[in-house]
Amino acid sequence: MANKEILLVVDVFSNEKDIDKEIVFQAVESALEAATIKRYGNQIKARVSIDKKTGDYTTFRRWEVVEPDDDFENGLEFPDAQILLDDARQKNPDINVGDFFEEEIESVEFGRIAAQTAKQVMIHKVREAERSKIVEAYTDRVGELITGIVKRIEKGSVYLDLGGHVEAYITKEDMIPRESFRIGDRVRGYLKAVRSEPRGPQLFVTRAAPELLVALFRLEVPEVGEGMIEIKGAARDPGSRAKIAVKANDPRLDPVGACVGMRGSRVQAVSNELAGERIDIILWHESEAQFVINAMAPAEIESIVIDEDKHSMDLAVSSDNLSQAIGRGGQNVRLATELTGWELNVMDASKAQETSGAQANITKQLFIDQLGVDEEIATILVEVGFDSIEEIAYVPVNEMLEIEEFDKELVDELKGRAKDALLISAIASEEKIETAEPTQELLEMEGMDEALAYELAGQGIVTLDDLADQAVDDLLDVTGVDEERAAKLIMKARERWFAEDQGELG
């Protein structure tokens, strides 16, 4: 009878929960094992094996095979669950440490298992199987739009019912600010992650990420879905404003117009889905400067200065246009920065011109002084974009020959003078370091000797503050002292800082 009950339980659970029978059999075996272990006072280990056809089951008591441990009597930490290797091999010569030695014992009756234990084990196993099934089903759907019904709301976070006992979770941070839902509302979101976790949510959805904006346009604009229009990037201030960059892969298409739709129908549909978020559709451009100009719309940019090293651009706009370019709370320039990937600095055009003019005069005088050229040539160099001696020394000759007023003889002369100026500057710097002398404070510091003080000065470490600014590794690189002495010297040099700090606190 008990055997038939097992087969019946497996059939019922498997069909109701749509779980593989093998998993339910494992759950029943675990329940029987738990009941067996409980019968022996939770001291032993057990294994139960069920015949999947008949429902018959056999129970085995298990001992882990171990080497003797001198710290414990008889060499065993857990005598009821362990067996020494020598004893185990008397009954099974092929057994090894880490294996389990088993002997069949009387099985508990299925009908008399402590009901709660059996239920808990089986429910836990079934839940694990259900959760694994959900992860398997949704892993390939990460990056898709999903729709669910609001099932419950907890502390600003929302749980969605996706159907089939599947839940998705939207954290408070992934919600659009000031957006509210009620139980039963239909909500659409972007599936950003699927995680296999023993408890809690597994499907994580966002309504605040830029990816949701992209996915909604892909849904609303057929040309995007078909690949005729490409979305190059998106940036959002959720619930307030967004920018999305588009490019046409078909030259006959107007990508901005297609995304806006007839009378704004397409962009309005996306905006409505995002709680009225205002969306700027930006034409992507292969020229990064032009792309930035487009991204700053509706503000008009008068001039751009690009700093490739810092990956930043200084944007000059008219005084009347300044507040529009920056946007409320810096929103416009912040979204344009996020969209383009460039650090954008907006400034008043009149002030930028003054700053630029002052810098140009400084650079022009530098060229006159260090290259020995007249004001006319220095002015030409500044006007075509040179701002350092290094650029003149190392820019390709053919690029300088593109300057209308320059011929090859003049270019060669300028480059030669520039390289000489750099060499003279480098020699002067070395001489300054070599002739530098340590201050009296550094010479008299506890733990310092004269030879080391002059060695430090030769590396530009002349004062106590210079030494205090160093890290241990820095000192090891420029001197022959060991790590311990380097650390002591630096801490000694810093004592004055600590004393000053204490004085300020006092």
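All values derive from a computational prediction rather than experimental measurement.

J.: Explain the overall build of the protein to me, please; I cannot follow it from the model alone.
T.: Broken down by element type, the protein carries 21 helices and 15 strands. Its C-alpha atoms give the protein a radius of gyration of 38 Å, clearly above 23 Å, the size a compact globule of 506 residues would have. The principal-axis extents of the C-alpha atoms in the protein amount to approximately 110 × 80 × 55 Å. Within the protein, buried positions represent 38% of all 506 residues. Residue pairs at least 24 apart in sequence account for 54% of intrachain contacts in the protein once pairs closer than 6 positions are excluded. Taken as two groups, the 57 positive and 104 negative side-chain charges of the protein have centres that lie 14 Å from each other.

J.: Explain the sheet that holds strand β8 (residues 186-194) here, please?
T.: The strands making up a sheet associate through backbone hydrogen bonding, with each pair oriented either parallel or antiparallel. In space, the 5 strands of this closed barrel follow the order β5-β6-β7-β9-β8, with mixed pairing throughout. Going from strand to strand, the sheet's axes swing by 50° on average, the running direction of each strand aside. With 5 bridges connecting them, strand β5 (residues 145-154) and β8 associate as antiparallel partners. Across the sheet, residue Ile149 finds its bridge partner in β8, namely Arg186. Sheet contacts for helix α5 (residues 210-220): β5, β8 and β9 (203-206); angle to β8, the most-contacted strand, approximately 120°.

J.: Could you clarify how one ought to interpret the environment of Val246 in this entry?
T.: Its place among the elements puts Val246 in strand β11 (residues 241-248). Sequence separation of Val246 and Trp284 is 38 residues, and the distance between their C-alpha atoms is 5.4 Å. Residue contacts for Val246: discarding those within four places in its chain leaves Ile229, Glu230, Ile231, Pro255, Val256, Cys259, Ile281, Ile282, Leu283 and Trp284.

J.: It is not clear to me how the packing of aromatic side chains should be interpreted in this structure. Could you clarify?
T.: Aromatic rings considered in pairs are described by the distance between their centres and by the relative angle of their planes. Using the criterion set out here, one finds 4 aromatic pairs in the structure. An angle of 40° between the planes, with centres 5.9 Å apart, marks the rings of Trp63 and Phe101 as tilted. One end of the pair, Trp63, is in strand β2 (residues 57-66); the other, Phe101, is in strand β4 (residues 100-105), with 38 residues separating them in the sequence. Three or more aromatic residues link up through ring pairs in this structure, and these residues are Tyr159, Tyr169 and Phe204. Directly above the aromatic system of Phe100 lies the positively charged group of Arg62, at a separation of 4.2 Å from the ring centroid. In this arrangement the basic side chain of Arg195 is found over the ring face of Phe204, its NZ or CZ atom lying 3.9 Å from the centre.

J.: I'm lost on helix α9 (residues 288-295) in this one. Help?
T.: Every α-helix carries 3.6 residues per turn, so stepping three or four residues along brings you back to the same face. Buried within α9 are the following residues: Phe291, Val292, Asn294 and Ala295. Looking down the long axis of α9, one finds its buried residues gathered within 160° of arc, a one-sided arrangement. On its buried face, α9 is in contact with β11, β12 (278-283), β14 (312-317), α11 (331-340) and β15 (343-348).

J.: How should I be thinking about the packing of α5 against helix α8 (residues 265-273) in this particular structure?
T.: To characterise two packed helices, one gives the angle between the axes of the helices and the distance between these axes. Packing of α5 against α8 leaves a shortest axis separation of 10 Å and a crossing angle of 140°. With respect to their mutual orientation, α5 and α8 come out oblique. You can see that α5 and α8 cross each other, and the crossing is right-handed. Mapping the contact onto sequence places Leu213, Leu216, Phe217 and Glu220 in α5 and Arg266, Val267, Ala269, Val270 and Glu273 in α8. Across the contact of α5 with α8, the residue classes break down as 6 nonpolar, no polar and 3 charged.

J.: Even after reading the chapter, I still don't get the side chain of Glu277, so can you show me in this structure?
T.: Turning to its location among the elements, Glu277 is positioned in the loop between α8 and β12. Contacts of Glu277, omitting those with residues within four sequence positions, involve Arg236, Asp237, Pro238, Gly239, Ser240, Arg241, Ala242 and Ser271.

J.: Could you clarify how one ought to interpret the sheet that holds strand β13 (residues 303-307) in this entry?
T.: The strand order β13-β14-β15 describes an open sheet built from 3 strands, whose pairing is mixed. Across the chains shown, the open sheet's two edge strands, defined by having one partner strand only, are β13 and β15. Shown here is a sheet whose adjacent strand axes are inclined to one another by a mean of 20°, direction ignored. As defined by bridge partners, β13 adjoins β14 across 5 bridges and the pair is classed as antiparallel.

J.: Explanation requested: a negative patch on the surface in the structure shown.
T.: A surface patch of like charges, here negative, comprises Asp374, Glu376, Glu383, Glu404 and Glu405. Relative to the helices and strands, Glu405 resides in the loop between α15 (397-401) and α16 (408-434).

J.: Help me understand the pairing of strand β1 (residues 45-50), please; the structure alone is not making it clear to me.
T.: Here is the key point about a regular strand: its side chains alternate between the two faces of the sheet. In β1, alternate side chains face the same way, and those of Ala46, Val48 and Ile50 are buried while those of Lys45, Arg47 and Ser49 on the opposite face are not. As paired strands, β1 and β2 are joined by 6 bridges and run antiparallel to one another. Looking at β2, one finds that Lys45 is bridged to Arg62. Between β1 and β2, which pair antiparallel one after the other, the connecting turn spans 6 residues, and Gly55 there sits at a positive phi close to 90°.

J.: Whenever I open this one, the pattern of salt bridges confuses me. Can you help?
T.: Side chains carrying opposite charge are able to pair once their charged atoms draw close together. Taken as a whole and assessed by the stated rule, the structure comprises 28 salt bridges. With a shortest N-O distance of 3.6 Å, Lys232 and Glu230 are connected by a salt bridge. Judged by its relative accessible area of 29%, Glu230 falls in the partly exposed class. For Lys243, the salt bridge goes to Asp280, with nearest N and O atoms at 3.2 Å. On the criterion of sequence distance, the pair formed by Lys243 in strand β11 and Asp280 in strand β12 is long-range, its members being 37 residues apart. By the burial criterion, Lys243 is buried, and Asp280 matches it. Each of the salt bridges in this network shares a partner with another, and the network as a whole consists of Lys151, Arg152, Glu154 and Glu167.

Cut-offs and rules
What you see as residue numbers is a count from 1 along each chain, following the sequence as written. Only residues with pLDDT of at least 70 get local features here, since the model is predicted, and only at 80 or more are side-chain atom pairs given and counted; chain-wide, interface and lining totals rely on the full set of residues. Only hydrogens and water are removed before side-chain values are computed, so all heavy atoms of the structure are retained for them. Segments assigned H or I by DSSP are reported as helices when at least four residues long, segments assigned E as strands when at least two residues long, and all are numbered from the N terminus. All radius of gyration figures rest on C-alpha atoms, and the globule criterion is 2.2 Å times the number of residues raised to 0.38. Residue burial is assigned from relative accessible area. The probe radius is 1.4 Å, only protein chains are included, and a residue is buried under 20% of its type maximum, exposed over 50%, and partly exposed in between. Two residues form a contact once any of their heavy atoms are found within 4.5 Å. His is not counted here, nor are the chain ends, while Lys and Arg score as positive and Asp and Glu score as negative. Every charge is mapped onto a representative atom, which is NZ of Lys, CZ of Arg, CG of Asp or CD of Glu. Paired strands, in this sense, are two strands between which DSSP finds at least two bridges. To get an axis, fit a line to the C-alpha atoms, keeping to the stretch in contact for a helix; angles then go from 0 to 180 degrees between the N-to-C directions. A pair of Phe, Tyr and Trp rings is counted when the ring centres sit within 6.5 Å of each other, with Trp represented by its six-membered ring. The angle between the planes then sorts it: under 30 degrees is stacked, over 60 is edge-to-face, the rest tilted. Charge over a ring is defined by NZ of Lys or CZ of Arg lying within 6 Å of the ring centre and within 35 degrees of the ring normal. The arc in question is formed by the directions pointing from the helix axis toward the C-beta atoms. Angle categories: roughly parallel below 35 degrees, roughly antiparallel above 145, roughly perpendicular from 65 to 115, and oblique for all the rest. Here is the rule for handedness: rotate from the far helix to the near one, and if that takes an anticlockwise turn smaller than a right angle the crossing is left-handed, while a clockwise turn gives right-handed. Under the scheme applied, nonpolar residues are Ala, Val, Leu, Ile, Met, Phe, Trp, Tyr, Cys and Pro; charged residues are Asp, Glu, Lys and Arg; polar residues are all the others, including Gly. Every patch collects residues that have over 30% relative accessible area and no salt bridge, joining them within 9 Å if they carry like charges and within 5 Å if they are nonpolar side chains (Val, Leu, Ile, Met, Phe, Trp, Tyr). The accessible surface values rely on the Shrake-Rupley method and a 1.4 Å probe; as for residues, cover is taken only from the protein chains in view. Note on definitions: salt bridges are taken to be side-chain nitrogens of Lys or Arg within 4 Å of carboxyl oxygens of Asp or Glu.

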